[in-house]
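Coordinates in review
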Amino acid sequence: MQREEKQQDAALEAIIMRVNDLKNSIGSMLVKLEHEYETLNWPTFLDNFALMSGHLTTLSKMLSHDKSPPLRNLTVLPLLLSPDRDEELLRLTEGRVPTFSHDLVPDYLRTKPEPDVERQMIQMEHKAANLAYESAQKQVTAYSKVVSHVWDIVSKAREEWETESGSRSGGAQTSSVSDTHVLVAAVGMGKGLKPMVQQPVSSGPQGMMVAPVGRPGAGGPQQPGSGPMNPNQPGQMGPMGKAPSAIKTNIKAASQIHPYGR
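Residues numbered from 1 in each chain as written. Predicted model: local features only at pLDDT ≥ 70, side-chain atom pairs only at ≥ 80, totals over all residues. Heavy atoms only, no water.

1. A short note on the overall build of the protein
Note the threshold: A run of H or I in DSSP counts as a helix once it spans at least four residues, and a run of E counts as a strand once it spans at least two, with each numbered from the N terminus. We call a residue buried when its accessible area falls under 20% of the maximum for its residue type, exposed when it is over 50%, and partly exposed in between, using a 1.4 Å probe and counting protein chains only. Throughout, a residue-residue contact means that at least one pair of heavy atoms, one from each residue, lies within 4.5 Å. Here the accessible surface of atoms and residues is derived via Shrake-Rupley with a 1.4 Å probe, and residues count as covered only by protein chains that are part of the display.
Broken down by element type, the protein carries seven helices and zero strands. Going from the N terminus to the C terminus, the protein shows its helices and strands as α-α-α-α-α-α-α. Every one of the 262 residues in the protein was classed for burial, and the buried ones make up 10%. A separation of at least 24 residues holds for 35% of the contacts in the protein among residues at least 6 apart in sequence. Only carbon and sulfur atoms are counted for the fraction: they give 59% of the accessible area of the protein, which is about 23300 Å².

Shown next as structure tokens:
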């Protein structure tokens, strides 16, 4: 009997340790969800969820181990009920349960659902027992169709996500190191750039420059001899035999239309 009590105490201590680990992981997850929801990313959330899942798996293996005592055969009974504040109980429950009174025991030590919940469950079981077989099959078939449709949507979204992730990771290269070096050499040292060729200036007889011709009074092209000659046009002598001015202008003076009006 003493050996069984020692095994039970050791098993309970190990279970309490695992439960505390699970409680701490759940608490850290809740803290991150409440205070770090703006910076929390999906990989961090999955890591915390995997940690909680590992604690639950370890606890389940410990409870189903052969050396673990059958805790279902044990019964928890209150040894002392008091409406007064219990500091030790407050410390053990981390400030959640200040007293262990007659009003709180049915809730904390309950092994069955509450009366209202239990009444609703009995009603649902009675309704399910009186349901006809054909109606039940129809409802099951409709529910299965809905579940299958949702499953197809989720599977399709997962395949698209995996395809997109694979294409991003193995995408084609959009840059070339050799082309980058050639571009830097061309910009910095002018390597590989062709020199600009200047266009030859056409000249008239006796080395005079031929000015563009156009229709009188307009800026368009003009055929030779189709209008009066501008005495101030570059490359020609003025009316007084003076050399033409070196300043070029685009102003259409009145003398272009009536050069000898004055």
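2. Brief notes about the packing of aromatic side chains
As a reminder, the rule being used: Centres within 6.5 Å make a pair out of two Phe, Tyr or Trp rings, where for Trp the six-membered ring is used; the pair is then stacked when the planes are under 30 degrees apart, edge-to-face when over 60, and tilted otherwise.
Overall, the coordinates contain one aromatic pair when judged by the stated rule. With centroids separated by 5.5 Å and ring planes inclined at 20°, the aromatic side chains of Trp 42 and Phe 45 adopt a geometry described as stacked. Placement of the pair is Trp 42 and Phe 45 together in helix α2 (residues 42-63), with a separation of three residues, close to one helical turn.

3. What to know about the pattern of salt bridges
The test is simple: Here a salt bridge means any side-chain nitrogen of Lys or Arg lying within 4 Å of a carboxyl oxygen belonging to Asp or Glu.
Inspection of every chain in the model, using the stated rule, returns six salt bridges. The closest approach of N and O atoms between Glu 94 and Lys 23, which form a salt bridge, is 2.7 Å. Of this pair, Glu 94 sits in the loop between α3 (87-92) and α4 (105-108) while Lys 23 sits in helix α1 (residues 2-35), and the two are 71 residues apart along the sequence. Since its relative accessible area comes to 53%, Glu 94 is described here as exposed. We classify Lys 23 as partly exposed; its relative accessible area is 33%. The partner of Glu 94 in a salt bridge is Arg 96, with the nearest N and O atoms 3.5 Å apart. For the pair Glu 94 and Arg 96, a shared accessibility class is recorded, and that class is exposed.

4. Focus on a nonpolar patch on the surface
Our working rule: Exposure above 30% relative accessible area and no salt bridge define the residues that can form patches, which grow by joining like charges within 9 Å and nonpolar side chains of Val, Leu, Ile, Met, Phe, Trp and Tyr within 5 Å.
Residues Ile 26, Leu 30 and Leu 33 make up a contiguous nonpolar surface patch of about 240 Å² in total accessible area. Mapped onto the fold, Leu 33 is located in helix α1.

5. Here's the deal with the side chain of Ser 25
Considering the arrangement of structural elements, one finds Ser 25 in helix α1. Ignoring any residue separated from it by four or fewer positions in sequence, one finds Ser 25 in contact with Leu 51, Met 52 and His 55.

6. What to know about the confidence of the model for the protein
So the rule is basically this: By definition, pLDDT measures how confident the predictor is in each residue, and it falls between 0 and 100.
Averaged over every residue, the pLDDT of the protein is 76; the share at 70 or more is 72%. The model gives residues 213-229 a pLDDT under 50, and that stretch makes 20 contacts with residues more than four places away or in other chains. Low pLDDT, under 50, characterises residues 231-248; the stretch is placed with 20 contacts to residues that sit more than four places away or in other chains.

7. Points about a negative patch on the surface
Convention followed: Just so you know, the count uses Lys and Arg for positive and Asp and Glu for negative, and it drops His and the chain ends. For this purpose, a charge sits on NZ of Lys, CZ of Arg, CG of Asp or CD of Glu.
Residues Glu 4, Glu 5, Asp 9 and Glu 13 make up a contiguous surface patch of negative charge. Structurally, Asp 9 can be placed in helix α1.

8. Some points on α2
Short version of the rule: Given a helix with a known number of residues, its expected span is that number minus one, times 1.5 Å. Within this analysis, the arc is defined by the directions that extend from the helix axis to the C-beta atoms.
Compared with an ideal rise of 1.5 Å per residue, which puts 22 residues at 32 Å, α2 spans 32 Å between its outermost C-alpha atoms and is within 8% of the ideal. Among all positions of α2, only Asn 48, Met 52, His 55 and Leu 59 are buried. Down the axis of α2, the smallest arc covering the buried residues is 55°, so these residues share one side. Exposed residues pointing more than 90 degrees away from the buried face of α2 are listed as Trp 42, Asp 47 and Lys 61.

9. What about the packing of α1 against α2?
Here is the rule: Fitted lines through C-alpha atoms serve as axes, helices being fitted only where they are in contact, and the angles separating the N-to-C directions of these axes extend from 0 to 180 degrees. By the definition adopted for this analysis, an angle is roughly parallel if under 35 degrees, roughly antiparallel if over 145, roughly perpendicular if from 65 to 115, and oblique otherwise. Crossings are classed by handedness, with left-handed meaning an anticlockwise turn of the near helix from the far one by less than a right angle and right-handed meaning a clockwise turn. Here the nonpolar group is Ala, Val, Leu, Ile, Met, Phe, Trp, Tyr, Cys and Pro; Asp, Glu, Lys and Arg are the charged ones; every other residue, Gly included, is treated as polar.
One can describe the packing of α1 onto α2 by two numbers: an axis separation of 10 Å at closest approach and a directional angle of 160°. Between α1 and α2, the angle is such that the two are roughly antiparallel. Of the two possible hands of crossing, α1 and α2 adopt the one that is left-handed. In contact with Ala 14, Ile 15, Arg 18, Val 19, Asp 21, Leu 22, Ser 25, Ile 26, Met 29, Lys 32 and Leu 33 of α1, α2 contributes Thr 44, Phe 45, Asn 48, Phe 49, Leu 51, Met 52, His 55, Leu 56, Thr 58, Leu 59, Met 62 and Leu 63. Class assignment for the residues of the contact of α1 with α2 results in 15 nonpolar, five polar and three charged.

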